[in-house]
Amino acid sequence: MLIVDDEEHVREGIDLAIDWEKFGISERLQAEDGREALDLLRLHKPAVMFCDMRMPGMDGTELLRQLREECFDTQVIVVSGHDDFQYTRAAIRANGLDYLLKPFSKRDLEQVLEQAVIAWRDREVSLLEERETGFKIKWADALVHEQKLAAYLKGESVFHEGLRGMLHKVGLSSERLRVSLILPCNRMDLVDRRFKGDRELFVFAINNIAHETLRAYGAHYLCRFDDYQWILLTALTSGYQSASEHRRCMEKVTKAWRDILGLDTLIGICDSEADTAGLPGAIGEARSALLNTDIWKSSTGTKLDPGEPPRLTDQQFLLQTTLDTGDKAYAAEIIRSFVQSLRQRGNFRLKDLQACTIEANLLLERASRLMHSSKEASDLLMPLWISDLNEWERTFIQHWWALMEEQEREGLGNRGVKAIRDYIERHFHEDLSLSMLSERFHFSPQYIAKKFKELYNTTVMTSLTEIRMDKARSLLQFTDKPVSEIANSLGYDDENYFGKVFKKQQGVSPLQFRKQNRDS
């Protein structure tokens, strides 16, 4: 809020007359002429301004002209004396401004201020929608470009001039490119726990961190093959073009991902430069390096078990038994025991884990045929490029449970999902996720999501959010607890994130909700 008037008693009168917090105004500024006001406008961009018309130096007319030229979104309330009121009214009507005639009452001030605040908020919402629309269009264009480039790099399409133009658009030439193949190891856990299931927000964060880390070293482009494989193309500036400097830059990127997000990655690097036509070959070299990466390094750095790695197919009979008995806990125990035997080896390459994935998919296919399962192949098989043993274990358990759930009795499944609903209502303040509920109740995440939707006509996460927001409204209205404390008590580690969720649900911030309900 900015109050502009050459008379100090008028400025102080306006300042003291209004309960500013009632209107959500946290900071008030004052200026005694138009020039001082213009400096404050440029620096602080206030939402609303009370402005006198007759002032020494730059008067109100000139100030409003400057305001229009510089396209400020500030809502203006003109304060006018009786002798120039007719002139002022005509001027402000032409520009859609509000006005007050001196002397004015507290009621007059609050009425016109309320109108100005509402107008400013409406304008902010409109600008936000415009920015979001522009971002969505830009994001959609970026996804199309990424898909076209990924299709070429996978060998699904031939090179064409459009690809050269796409690379040029992000600052990459068609010569002297460096290639790194990246696997995010704990992606599933991060998306589920930190990003609340929002994959695109995770991708946005990954891109932003890579850009901020590499911008000082040269042009770069991060391209997804799929959820697991990422390609990072770089054209580093002079001084960073050698293979060793390229590796150092990649280490900085992976360290930034780990420090900021907690993301662990495996990196395969092609040590030679490539032109556009040679990119598929360079990716092959990077992939070969990646497949030979040790994904489980022992604390001593020595191999603990020099023998042949255990074979998952040796567990086929026991796993088949769990399909017949419906014993999910035993199925999980078998799989966890197998993964533990992999960990005990101390030295385990990515290609060894891929061999296990191929065996797991073979077992899933055989079991599916025996059960005459209706599952699609894409839902049945595990992704080949999982690179984290914890994620591999959890994914295989969930896939096996999904097969078992196809032959479960309907009533049993409904009782299980009702138990999950009861658990959410009692433990809403804890860090809940589909993966956590899956492990606790021995249902696959897909089954929980499907059955929960069928029974309650909403998703698990939406139901959890509604319960939390109901508690939040009560705490805001009937207690004086700080917003940060309320957020933590409801399971939100980040107060800002809680505020965004609350505003999305209620249309106002937590503090505004508290003030509105206290005032009413």
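Residues numbered from 1 in each chain as written. Predicted model: local features only at pLDDT ≥ 70, side-chain atom pairs only at ≥ 80, totals over all residues. Heavy atoms only, no water.

Asks: With reference to specific residues and values, describe the overall build of the chain.
Replies: When its secondary structure is counted, the chain shows 22 helices and nine strands. Taking 520 residues into account, the globule formula puts the C-alpha radius of gyration at 24 Å, and the chain, at 31 Å, lies well above it. Expressed along its principal axes, the backbone C-alpha trace of the chain runs to roughly 100 × 65 × 45 Å. When burial is assessed residue by residue, the chain has 45% of its 520 residues classed as buried. Across the chain, the fraction of contacts at a sequence separation of at least 24, relative to all contacts at a separation of at least 6, is 69%. A total of about 27100 Å² of accessible surface is found on the chain, and carbon and sulfur atoms cover 49% of it. Considering the chain, the positive charge centre built from 70 side chains and the negative charge centre built from 83 side chains are found 4 Å apart. (Helix = DSSP H or I, 4+ residues; strand = E, 2+ residues; numbered from the N terminus. Rg over C-alpha atoms; globule rule 2.2 N^0.38 Å. Buried < 20%, exposed > 50% of the residue type's maximum accessible area, 1.4 Å probe, protein only. Contact = heavy atoms within 4.5 Å. Areas by Shrake-Rupley, 256 points an atom, 1.4 Å probe, with all protein chains shown as cover. Lys, Arg positive; Asp, Glu negative; His and termini not counted. Charge placed at Lys NZ, Arg CZ, Asp CG, Glu CD.)

Asks: I'd like a rundown of the pairing of strand β8 (residues 230–236), residues and numbers included.
Replies: β8 sits mainly inside the fold: seven of its seven residues count as buried. Burial along β8 is two-sided: the face carrying Trp 230, Leu 232, Thr 234 and Leu 236 and the face carrying Ile 231, Leu 233 and Ala 235 are both buried. In this structure, strand β7 (residues 218–224) lies alongside β8, joined through seven bridges in antiparallel fashion. Looking at β8, one finds that His 220 is bridged to Thr 234. The hairpin turn running from β7 into β8, its antiparallel successor, is five residues long. (Pairing = 2+ DSSP bridges.)

Asks: Tell me about the sheet that holds strand β6 (residues 178–184), and please be specific about residues and values.
Replies: Sheet strands associate in pairs through backbone hydrogen bonding, adopting either a parallel or an antiparallel arrangement. A sheet is described by the order of its strands in space; here four strands give the open sequence β7-β8-β6-β9, paired in antiparallel fashion. In this open sheet, the two strands that pair with only one neighbour each are β7 and β9 (265–269). Along the sheet, successive strands turn relative to each other by an average axial angle of 20 degrees, direction set aside. One ladder, built from five bridges, connects β6 with β9; its direction is antiparallel. Within β9, the residue paired with Leu 181 across the bridge is Gly 268. In the packing of helix α8 (residues 199–214) onto the sheet, the strands contacted are β7 and β8, and the crossing angle to β7 comes to about 160 degrees. In this fold helix α10 (residues 279–291) packs onto β6, β8 and β9, with an angle of close to 45 degrees to the strand it touches most, β6. (Axes fitted to C-alpha atoms, helices over the stretch in contact; angles between N-to-C directions.)

Asks: Any chance you could break down the state of the cysteines for me, citing the residues and the numbers?
Replies: Counted by the stated rule, this structure contains zero disulfides. Cys 270 provides the cysteine sulfur closest to Cys 223, a residue in no disulfide bond, and the two sulfurs are 16 Å apart. Free of any disulfide, Cys 249 has its nearest neighbouring cysteine sulfur in Cys 270, separated by 16 Å. (Disulfide = S-S within 2.5 Å.)

Asks: Tell me about unusual backbone geometry, residues and numbers included.
Replies: Phi at Cys 71 is positive, roughly 55 degrees, even though this residue is not glycine. Positionally, Cys 71 belongs in the loop between α3 (60–69) and β4 (75–80). In this structure Cys 71 comes out as exposed when scored by relative accessible area, which is 60%. Not every positive phi belongs to a glycine, and His 442 is a case in point at roughly 60 degrees. Note on placement: His 442 falls in the loop between α17 (434–441) and α18 (445–456).

What is shown is where atoms sit, not what they do.
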